[in-house]
Amino acid sequence: STRVVYDNAPINPQQQPQQQPQQQMQQQQYYHSGQQQPVNNAPAAAPSYRPIQTHPTQSVASNVSKNSEVIPGGGIISTAADEEFEDGRIRNAEAATKIRDAWIYTQISARAKEFTQYRNVRIFLGTWNVNAKGKDEPLDSWLCADWGMHGENAPDIVAVGLQEMVDLNAVNVAVDNKSSQKSQHWVERIRTTLNARKNSNNDPNRAYILEESKYMVGLMLCVFVKAPHKGRVKTVHSGSVGVGVMGMMGNKGGVSVRLQFYDSTICIVNSHLAAHRENVAGRNADFHNIHSKMEYDIGSEAVKQSIQNGSLSQWASGSQTIGLADHDIAFWMGDLNYRIDESLTTEEVLNLSQKGMLDKLRDNDQLNNERSEGTVFQDWEEGQINFLPTYKYQPGTDLYEQRPEKKLRAPAWCDRVLWLTQDPSSLKQISYTRSELNVSDHKPVMSTFIATIKDVIEIEREKVYQSVMKCLDEYENQSLPMVGLDRTELDFGEVRYGRTKTMPIRITNTGKVVAQFRLVPKLDESNVCKPWLRVLPTYGMIIPGDKETTLNFTININNEIASALNSGREVLEDIIILRLENGRDYYLTVKAKYGRSCFGMAADELVLYNDPIRTVPLDPIKRVEKYGPDQTSVLCIPKELWRIVDAIYGKGLHERDLFSISGYAEEINAIRESLDTGEQFGSFRIHSMADVLVSFLTSLSATIVPPNLLPTMEIDVQNLQSYARVLLNGLPPIHYNIFVYMISFFRECLLHQQSNQLTTVKLARICVTCLVTGGKMDDSKQANQRRNAMHLLMIHFLESSSI
């Protein structure tokens with residue numbers, strides 16, 4: 001039933017060679033050059049989906065969507081009430097049906113190759129850091145280099161990513177000043193190149209249509225498909241993640257486009273990561289930040305489609321969000337900024353590059369080394385690089401930059417293309433090279449792939465369904481379910497702010513029938529657990545003799561939870577109800593002890609204690625016994641804030657890119673621990689301490705500038721001075737002290753702006769985040785106006801000679 005063809009001979013996909021010669025790959029193509037050519041009498045267009053039937057008049061898909069309700073804290077419930085029997089058994093037929101459907105589709109998904117036909121398509125990816133240049137130079141040598149004499153190898157999908165489309169100055173980063181205009185300009189240039197007469201021969205089947213484009217400051221990504229495929233592209237979404245200034249601005253980061261092409265999902269990322277040869281850790285952190293934050297809300301219709309294709313992750317959790325790794329094929333390209341390791345001098349790298357001696361350069365390539373160590377791009381693939389380093393060139397020439405007046409930089413392969421697939425045999429790279437366009441200090445890079453795309457065959461899928469149901473029926477016609485738990489109590493011990501801790505409970509089917517379980521809320525509650533606890537999975541089904549299922553219980557203390565614990569509104573104790581369908585309930589107890597932290601507390605409370613906050617009892621009675629009933633402030637500002645600022649003042653005012661580069665997680669955790677216990681700081685990098693300063697201020701349970709003091713009118717030159725006085729006069733005493741202290745510190749930072757690269761505008765934005773909004777973003781028009789007004793006030797405070 002599988003439609004994979006090599007030399008007109010069908011074979012099983014599991015017997016398919018891992019790598020096919022290029023000639024065979026071309027023979028395998030289902031169509032090319034925009035002309036659909038049927039293979040094995042398969043239809044040119046894939047058959048439409050029909051839901052698999054569970055009842056003569058009702059489909060599984062309708063079972064999933066009808067009366068579906070999701071518990072906010074996770075898990076599934078039904079609109080029908082649970083039935084309780086005299087022998088203590090509890091059953092909910094609707095919930096049991098949903099769990100049963102989930103298992104059925106999991107089995108069907110595992111056998112997808114039995115009802116799927118495959119077609120080969122050609123995908124082109126091009127990446128170029130244009131260094132804010134490029135006007136009228138032809139792009140054919142980059143975008144159309146391997147199309148063939150008559151366009152016979154023209155790709156079906158074209159994705160082009162640009163970096164530094166505009167100058168990455170402070171104005172362009174903070175305001176969408178030129179990016180939109182530049183993005184449209186480049187999209188039109190690319191479209192014109194792809195659809196030029198010499199490339200398309202005015203054939204509408206060879207024309208390219210823009211599916212989506214996305215830009216963020218200097219980054220731009222556009223995706224084109226050939227016109228014949230237009231009707232088979234759906235659920236197109238785009239996204240962006242900024243990781244630049246303060247870890248969120250768009251001077252560095254990634255933009256992406258995801259789509260469903262026929263019945264395969266494809267995601268493409270274009271990124272610009274942290275610069276400087278020595279900043280490998282920064283680039284690694286940027287990758288992980290983009291990878292974890294790039295998500296897509298694909299909507300209910302796409303969720304329904306994923307259910308029909310055998311994926312129930314969105315339906316089970318009630319989420320419509322997917323990430324990069326959830327796609328069949330994902331590409332990651334851009335100026336990744338990885339350099340040649342510093343063990344080779346700049347002169348050595350220049351000499352090897354000019355002589356074309358690539359082996360030693362590849363062995364010392366930072367990205368290759370980081371991938372081999374498993375620290376970045378885990379499971380992603382990259383073809384071997386057989387072209388000269390693409391950076392740094394003297395613009396307008398093919399010479400590496402060596403002019404005396406310019407800083408000498410070691411050539412590097414900054415510009416890369418990588419990929420990630422669910423099935424490694426579904427993608428083959430057939431070219432990976434660079435173009436010789438020379439207007440920028442980077443050379444463009446391009447890569448072409450042959451991708452095996454899925455098309456579902458409805459009749460064969462129905463046969464698989466009948467086979468799965470026959471297997472399931474053998475077990476459902478027996479007796480009652482029974483399970484064994486390796487424990488029913490979890491004691492996490494002491495947990496820390498900002499660190500997750502996970503413990504498992506293992507469930508084994510000890511009976512002779514299928515065991516369906518789910519987590520249910522307690523009486524009069526809507527969530528299955530408290531907000532500081534997460535349990536996965538929230539439901540499941542175990543067949544007799546199948547391996548055990550593990551429930552993972554994870555505790556995470558964030559700002560809101562820490563504030564509730566400090567005020568006594570919350571305790572780390574919970575009971576989870578595990579319900580066995582057509583069986584009994586199990587009660588699982590979870591408890592932990594909070595290692596108190598200054599993060600998430602109120603500034604007014606922190607100044608009450610000279611002692612390390614870890615030693616201050618959470619219990620109010622014990623606190624009164626230790627410090628007396630009438631506590632008053634013993635400090636002007638929190639001692640923790642003074643320690644952080646003092647560390648930066650004494651060690652880091654000259655640090656380049658201060659407050660612009662993310663810190664290191666291990667150092668940040670160690671610094672937090674020292675602040676909470678009163679211990680001396682260990683070794684740390686200044687960026688980690690700066691990161692702690694921002695997170696400390698944004699974590700305070702009450703912002704330094706209360707919301708009622710935010711401007712309600714437009715701020716201009718005439719009322720700026722008077723409103724600044726109103727703001728200062730309205731601040732509570734401790735908040736006033738902290739405000740003056742921080743403004744004074746940031747003024748001191750500006751005295752060293754030649755070395756630390758800080759500006760008044762950048763620091764004003766940090767002040768608004770730390771002192772006004774607490775890192776919380778409200779995109780309403782009124783909130784934006786107030787933030788802009790506060791930004792002007794902060795600039796005034798930073799630039800004025802006195803407060």
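Residues numbered from 1 in each chain as written. Predicted model: local features only at pLDDT ≥ 70, side-chain atom pairs only at ≥ 80, totals over all residues. Heavy atoms only, no water.

K.L.:
Explain the overall build of the protein to me, please; I cannot follow it from the model alone.
P.N.:
When helices and strands are counted, the protein shows 25 helices and 32 strands. The buried share of the protein, taken over its 803 residues, is 54%. The long-range share in the protein, meaning contacts at least 24 apart out of those at least 6 apart in sequence, stands at 73%. (Helix = DSSP H or I, 4+ residues; strand = E, 2+ residues; numbered from the N terminus. Buried < 20%, exposed > 50% of the residue type's maximum accessible area, 1.4 Å probe, protein only. Contact = heavy atoms within 4.5 Å.)

K.L.:
Would you take a moment to explain unusual backbone geometry for this structure?
P.N.:
Excluding glycine, residues mostly carry a negative phi; peptide bonds, for their part, are mostly trans. Residue Lys392 is reached from Tyr391 by a cis peptide bond, and omega for that bond is 5°. Leu536 connects to Pro537 through a cis peptide bond whose omega is -5°. With respect to the secondary-structure elements, Pro537 resides in the loop between strand S28 (533–536) and strand S29 (539–542). The backbone phi angle of Asn337 is positive, close to 70°, even though this residue is not glycine. Counting through the fold element by element, Asn337 comes out in the loop between strand S20 (329–335) and helix H11 (346–354). Even without glycine at this site, Gln757 takes up a positive phi of about 65°. Among the secondary structure elements, Gln757 is positioned in the loop between helix H23 (753–756) and helix H24 (760–773).

K.L.:
I would appreciate a short explanation of the sheet that holds strand S27 (residues 515–520) in the present structure.
P.N.:
Through backbone hydrogen bonds, the strands of a sheet pair up, either in parallel or in antiparallel fashion. Strands sit in the order S25-S32-S31-S27-S29 across an open sheet of five strands; the sheet is mixed. Since the sheet does not close on itself, it has two edges, and those belong to strand S25 (489–495) and S29, each with one partner. On average, each strand axis in the sheet is inclined to that of its neighbour by 20°, with strand direction left out of account. (Pairing = 2+ DSSP bridges. Axes fitted to C-alpha atoms, helices over the stretch in contact; angles between N-to-C directions.)

K.L.:
Mind showing me how you'd approach the environment of Asn270 here?
P.N.:
Positionally, Asn270 belongs in strand S17 (residues 264–272). Asn270 sits in the buried class, given a relative accessible area of 0%. Excluding anything up to four places from it in sequence, Asn270 contacts Thr127, Gly161, Leu162, Gln163, Leu219, Met220, Leu221, Gly253, Gly254, Val255, Met333 and Gly334. In this structure the side chain of Asn270 is engaged in a polar contact, spanning 3.0 Å, whose partner is the backbone oxygen of Leu162. Among the polar contacts listed, one links the side chain of Asn270 to the backbone oxygen of Met220, at a separation of 3.0 Å. (Polar contact = N/O pair within 3.5 Å; in protein donor to acceptor, adjacent residues only side chain to side chain.)

K.L.:
Is there a simple way to explain the pairing of strand S26 (residues 501–509) in this structure?
P.N.:
Taken residue by residue, a regular strand's side chains alternate between the two faces of the sheet. As judged from the three bridges shared by strand S24 (residues 483–485) and S26, these two strands associate in the antiparallel manner. Pairing of Gly484 across the sheet is with Thr508, part of S26.

K.L.:
When you look at the side chain of Asn284 in this model, what are you seeing that I'm missing?
P.N.:
Checked against the element boundaries, Asn284 lands in helix H8 (residues 280–293). At 2.8 Å, the side chain of Asn284 and the side chain of Glu370 are in polar contact. Asn284 has contacts with Tyr338, Glu370, Thr375 and Val376, leaving out every residue within four places of it along the chain.

K.L.:
Just to check I follow, could you spell out empty space enclosed by the protein for this structure?
P.N.:
Take a probe with the size of a water molecule and roll it over the atoms, and the empty space left behind shows itself. This model, assessed by the stated rule, comprises two cavities of 30 Å³ or more. Volume-wise, the second largest cavity comes out at about 50 Å³. Lining the second largest cavity we find Arg496, Tyr497, Arg499, Gly595, Ser597, Arg614, Asn669, Arg672, Glu673 and Asp676. Tallied by class, the residues present in the lining of the second largest cavity amount to one nonpolar, three polar and six charged. (1 Å grid on protein atoms, 1.4 Å probe; cavity = no way out; pocket = protein on both sides within 12 Å on 5 of 7 lines; lining within 4 Å. Points joined across faces, edges and corners; volume = space filled by probe spheres on them. Nonpolar A, V, L, I, M, F, W, Y, C, P; charged D, E, K, R; others polar.)

K.L.:
When you look at the packing of aromatic side chains in this model, what are you seeing that I'm missing?
P.N.:
We describe a pair of aromatic rings using the distance from one ring centre to the other and the angle between the two ring planes. A full pass over the atoms with the stated rule returns 20 aromatic pairs. On the numbers, 6.2 Å between centres and 80° between planes, the contact of Trp128 with Trp186 is edge-to-face. Separated by 58 residues along the polypeptide, Trp128 in strand S11 (residues 116–129) and Trp186 in helix H6 (residues 179–194) bring together distant segments of the chain. Trp186 shares its class with Trp128; the two are buried. Consider the rings of Phe739 and Phe797, whose centres lie 5.2 Å apart with planes at 80°: the pair is edge-to-face. Here the residue Phe739 occupies a position in helix H22 (residues 733–750), and Phe797 occupies one in helix H25 (residues 781–799), the gap between them amounting to 58 residues. (Phe/Tyr/Trp six-rings, centres within 6.5 Å; stacked < 30°, edge-to-face > 60°.)

K.L.:
Is there a simple way to explain the pattern of salt bridges in this structure?
P.N.:
One side chain can pair with another of opposite charge once the charged atoms of both are near each other. Per the stated rule, a full pass over the model turns up 32 salt bridges. Notably, a salt bridge pairs Asp398 with Lys443, separated by 2.4 Å at the nearest N-O pair. Taken together, the residues span a long stretch of sequence, with Asp398 in the loop between helix H13 (366–372) and strand S21 (415–421) and Lys443 in the loop between strand S22 (427–434) and strand S23 (445–456) at a distance of 45 residues. Look at Asp398 and you get partly exposed, because its relative accessible area is 46%. Sharing partners across several salt bridges, the network here consists of Asp82, Arg518, Arg579, Glu581 and Asp585. (Salt bridge = Lys/Arg side-chain N within 4 Å of Asp/Glu carboxyl O.)

K.L.:
I tried to follow the sheet that holds strand S16 (residues 253–261) on my own but got confused; where do I start?
P.N.:
Across the sheet, which stays open at both edges, the five strands sit in the order S15-S16-S17-S20-S21 with mixed pairing between neighbours. Taken across any chain shown, the strands that pair with only one partner, and hence form the sheet edges, are strand S15 (233–242) and S21. Averaged over all neighbouring strand pairs, the angle between strand axes comes to 15°, with direction disregarded.

K.L.:
What exactly am I supposed to notice about the nonpolar core here?
P.N.:
Nonpolar side chains in soluble globular proteins tend to be buried together. With 101 residues, the main nonpolar core has Phe553, Ile557, Phe659, Phe739 and Met794 as its most contacted residues. Looking at this core, the element that brings in the most residues is H22, giving nine residues. What Phe553 contacts, discounting residues up to four positions off in sequence, is Leu490, Phe492, Lys501, Thr502, Met503, Ile505, Leu533, Arg534, Val535, Ile576, Leu588 and Val590. Of all hydrophobic cores here, the second largest spans 41 residues; its members include Leu344, Phe387, Trp413 and Val445. (Core = buried A, V, L, I, M, F, W, Y, C linked by side-chain atoms within 4.5 Å.)

Note that all results are geometric; they support no functional claim without further evidence.
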